[in-house]
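Inside the fold
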Amino acid sequence: MKTHQEWMKLALREAEKAFEENEVPVGAIVVHEDKIIGKGYNQIERLQDPTAHAEMIALTAAANHLGSRRLEGCTLYVTLEPCPMCAGAIVLARVPTLVFAAYDPKAGACGTLYNIVEDQRLNHRVHVVPGVCDTESEQLLQGFFGRIRTITPKKG
């Protein structure tokens, strides 16, 4: 069995694909019985789809693989703390465990701004393991946004 760090390194590879395509570098994988059954990276710009987040793509692929909307027995690894939309999808998919790398101070919904995945009012709660390979994820994100600022400087 792989460790959380080993799985997260594979999610980081997905994030690198997003980086190469000038998308915000976020990657995700879904693991079931020690195998990747879904993976994805941000494709919002490429697809012109506001829902094309790495998590949403990975969850859809995993559901298709299992032939079920319920992803029981799965672990989702994502390189950035999920937003409210993705956190809601994680709860609806009944994912038991979420492992994420970097916290998202602007949109994080798994402990930072909100905590949708552990909200007692909902009918499913997710066990969260934060901060796995956070430095690597933060460096990738900083590199991306640094490049964006260089390409499109602020107007003064």
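One can find the structure itself at the top, above this paragraph.
What comes next concerns the included structure. (Residues numbered from 1 in each chain as written. Predicted model: local features only at pLDDT ≥ 70, side-chain atom pairs only at ≥ 80, totals over all residues. Heavy atoms only, no water.)

1. Considerations on the pattern of salt bridges
Tallying each qualifying case throughout the model produces 4 salt bridges. Among the salt bridges present, the one from K17 reaches E14, with a minimum N-O distance of 2.9 Å. One end of the pair is K17 and the other is E14, both in helix α1 (residues 4-20) and 3 residues apart, which spans about a single turn. The class for K17 is partly exposed, based on a relative accessible area of 32%. In this structure, E72 and R70 form a salt bridge, with 3.9 Å as the shortest nitrogen-oxygen distance. According to the relative accessible area criterion, E72 is partly exposed, its value standing at 48%. Take R70: its relative accessible area is 32%, and that puts it in the partly exposed class. (Salt bridge = Lys/Arg side-chain N within 4 Å of Asp/Glu carboxyl O. Helix = DSSP H or I, 4+ residues; strand = E, 2+ residues; numbered from the N terminus. Buried < 20%, exposed > 50% of the residue type's maximum accessible area, 1.4 Å probe, protein only.)

2. As for the layout of surface pockets
The calculated volume of the largest pocket comes to roughly 430 Å³. Around the largest pocket, the lining is made up of 18 residues, and of these V24, L80, D104, L141 and F145 lie nearest the centre. Of the residues forming the lining of the largest pocket, the biggest block, 4 residues, is contributed by helix α5 (residues 134-151). Per-class residue counts for the lining of the largest pocket are 10 nonpolar, 3 polar and 5 charged. Counted as a void, the second largest pocket has a volume near 150 Å³. Lining the second largest pocket are M1, K2, T3, H4, W7, V31, H32, E33, D34, G73, T75 and Y77. Counting residues per element, the ones that place at least two in the lining of the second largest pocket are α1, β1 (27-32) and β3 (74-80). Taken together, the residues of the lining of the second largest pocket sort by class into 4 nonpolar, 5 polar and 3 charged. (1 Å grid on protein atoms, 1.4 Å probe; cavity = no way out; pocket = protein on both sides within 12 Å on 5 of 7 lines; lining within 4 Å. Points joined across faces, edges and corners; volume = space filled by probe spheres on them. Nonpolar A, V, L, I, M, F, W, Y, C, P; charged D, E, K, R; others polar.)

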